[in-house]
Amino acid sequence: MKKIFTVAMAMMAVAAMSAQSVKIVKDGAIVAQYDMDESTEVVFEPAQAGYTVADIAGSDACGLSVTLLEMPDMGVVLTGEGEVTVTANEDGTINITLPSVYYEAMGMTLPSFTVSNIEVVQADGVFSFDSEFSFVDEESEKEISGSVAGHKSAIEHWNFSYTVTMHYGSMPFTLIMNYYSICD
C-alpha cells in the first residue's frame, strides 16, 4: 500500500510540474506567460544599463577625409585632424560641432559649424543618427546645407564615425566629409 501511495504522489508531482507556467508581470499586469513544458530553461540576467545622450557628450579627436561626390575618380582630396564635440540636449537630441578645415586646393577655410537638434536612436549603447541641415554661416554669409549621419558608442567612447554630405555656398560640387575616431 505504501508503494502505491508513493507512486501516486510521484505521478501527481510530475503532473503538477508539467502544468506550471511562468508569468512575467509588470505594473500588476501579465505581459507574458509561458508554459514550462515549452521551455528548456529559465535564465535571469541583470538588466542592461540605460544609456542617455549624456553618455556620448564630450569632445573627441578625429581624423578627416574629404572626397567629392561628383568626382569620385579624384579620390581623397583633403585629409586632416581636428576635434568633434557632441553636446547633449535636455530633449534627448544632440548637437555636433565639426572643426574648420583648410582646403588648400581652393585656398579657403571651410568654417567650423554646429548641426543642432539631431534626433538619435540608441541600441545596445550605440547612438545612431541621420539628419539634414541647412543654415547660413554668419561669418562667411554662405549657406551650408546637407546631411550628417553616423554613430557613437556610449560604451567605447573612441568608437565613432560621422559622414557629412554638404554644399558650401555656391561650390559646384558636393563635399563628402568623413570624420572618424583616432585612438590614442
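Residues numbered from 1 in each chain as written. Predicted model: local features only at pLDDT ≥ 70, side-chain atom pairs only at ≥ 80, totals over all residues. Heavy atoms only, no water.

**Q** Can you walk me through the overall build of the protein in this structure?
**A** Counting its secondary structure elements, the protein contains 1 helix and 13 strands. The N-to-C order of helical and strand elements in the protein reads α-β-β-β-β-β-β-β-β-β-β-β-β-β. Across the 184 residues in the protein, those meeting the buried criterion constitute 29%. Of the roughly 12,000 Å² of accessible surface on the protein, a fraction of 54% belongs to carbon and sulfur atoms. (Helix = DSSP H or I, 4+ residues; strand = E, 2+ residues; numbered from the N terminus. Buried < 20%, exposed > 50% of the residue type's maximum accessible area, 1.4 Å probe, protein only. Areas by Shrake-Rupley, 256 points an atom, 1.4 Å probe, with all protein chains shown as cover.)

**Q** Can you walk me through unusual backbone geometry in this structure?
**A** Keep in mind that most residues, glycine aside, have a negative phi and that most peptide bonds are trans. With phi around 55°, Asn117 is a residue other than glycine that occupies positive phi space. Looking at the element boundaries, Asn117 is found in strand S8 (residues 113–118). Positive phi outside glycine occurs at Asp124, with the angle close to 55°. Relative to the elements of secondary structure, Asp124 occurs in the loop between strand S9 (120–123) and strand S10 (126–136).

**Q** I would appreciate a short explanation of the nonpolar core in the present structure.
**A** Within soluble globular proteins, side chains that are nonpolar tend to cluster in buried spots. Grouped together as the largest cluster of nonpolar side chains are 35 residues, with contacts concentrated most on Val164, Met166, Leu175, Met177 and Tyr179. Per element, the largest residue contribution to this core is 5 residues, and it comes from strand S12 (residues 160–168). The residues contacting Val164, other than those within four sequence positions of it, are Leu98, Phe113, Phe133, Ser147, Val148, Leu175, Ile176, Met177 and Tyr179. (Core = buried A, V, L, I, M, F, W, Y, C linked by side-chain atoms within 4.5 Å. Contact = heavy atoms within 4.5 Å.)

**Q** What's the story with the environment of Met108 in this structure? I'm lost.
**A** With respect to the helices, strands and loops of the structure, Met108 is situated in strand S7 (residues 108–110). Beyond its immediate sequence surroundings of up to four residues, Met108 is in contact with Val101, Tyr102, Tyr103, Tyr168 and Met171.

**Q** Explain the sheet that holds strand S4 (residues 78–88) to me, please; I cannot follow it from the model alone.
**A** Adjacent strands of a sheet pair through backbone hydrogen bonds, lying either parallel or antiparallel. Here 9 strands make up an open sheet; going across it, the order is S8-S5-S4-S3-S13-S12-S11-S10-S9 and the pairing antiparallel. Since the sheet does not close on itself, it has two edges, and those belong to S8 and S9, each with one partner. The average undirected angle you get between the axes of adjacent strands in this sheet is 20°. As defined by bridge partners, S4 adjoins strand S5 (residues 94–98) across 4 bridges and the pair is classed as antiparallel. Bridge pairing in S5 places Thr85 opposite Thr97. (Pairing = 2+ DSSP bridges. Axes fitted to C-alpha atoms, helices over the stretch in contact; angles between N-to-C directions.)

**Q** Whenever I open this one, the packing of aromatic side chains confuses me. Can you help?
**A** For any pair of aromatic rings, the description consists of the separation of the ring centres together with the inter-plane angle of the planes. Here the structure, examined in full by the defined rule, presents 5 aromatic pairs. Centroid distance Phe160 to Tyr162: 5.1 Å. Interplanar angle 25°. Geometry classified as stacked. For the residue pair Phe160 and Tyr162, the accessibility class agrees, reading buried in each case. By the ring-pair criterion, three or more aromatic residues cluster together here, those being Phe113, Phe133 and Phe135. (Phe/Tyr/Trp six-rings, centres within 6.5 Å; stacked < 30°, edge-to-face > 60°.)

**Q** I keep staring at the side chain of Ser65 and nothing clicks. Help me out?
**A** Relative to the assigned elements, Ser65 resides in strand S3 (residues 58–68). With a relative accessible area of 16%, Ser65 lands in the buried category.

**Q** Please clarify how the confidence of the model for the protein should be interpreted in this entry.
**A** Caution is warranted with low-pLDDT regions, since their predicted coordinates should not be read in detail. Averaged over the protein, the pLDDT score is 82; the fraction of residues at 70 or greater is 83%. Per-element confidence in the protein ranges from a low mean pLDDT of 51 for helix H1 (residues 2–18) to a high of 94 for S5. (pLDDT = per-residue confidence, 0-100.)

**Q** Sorry if this is basic, but what is going on with the pattern of salt bridges here?
**A** Any two side chains of opposite charge can pair, so long as their charged atoms come close to each other. Scanning the model with the defined rule gives 1 salt bridge in all. Here Asp60 and Lys152 are joined by a salt bridge, their closest N and O atoms 2.5 Å apart. With Asp60 in strand S3 and Lys152 in strand S11 (residues 143–153), this pair connects stretches of sequence that are 92 residues apart. (Salt bridge = Lys/Arg side-chain N within 4 Å of Asp/Glu carboxyl O.)

**Q** Looking at this structure, how should I read the environment of Thr97?
**A** With respect to the helices and strands, the residue Thr97 is situated in strand S5. As a C-alpha pair, Thr97 and Val86 span 11 residues in sequence and 6.5 Å in three-dimensional space. Look past the residues within four positions of Thr97 in its chain and what remains in contact with it is Glu83, Val84, Thr85, Ser112, Phe113 and Thr114. There is a polar contact of 2.8 Å between the side chain of Thr97 and the side chain of Thr114. (Polar contact = N/O pair within 3.5 Å; in protein donor to acceptor, adjacent residues only side chain to side chain.)

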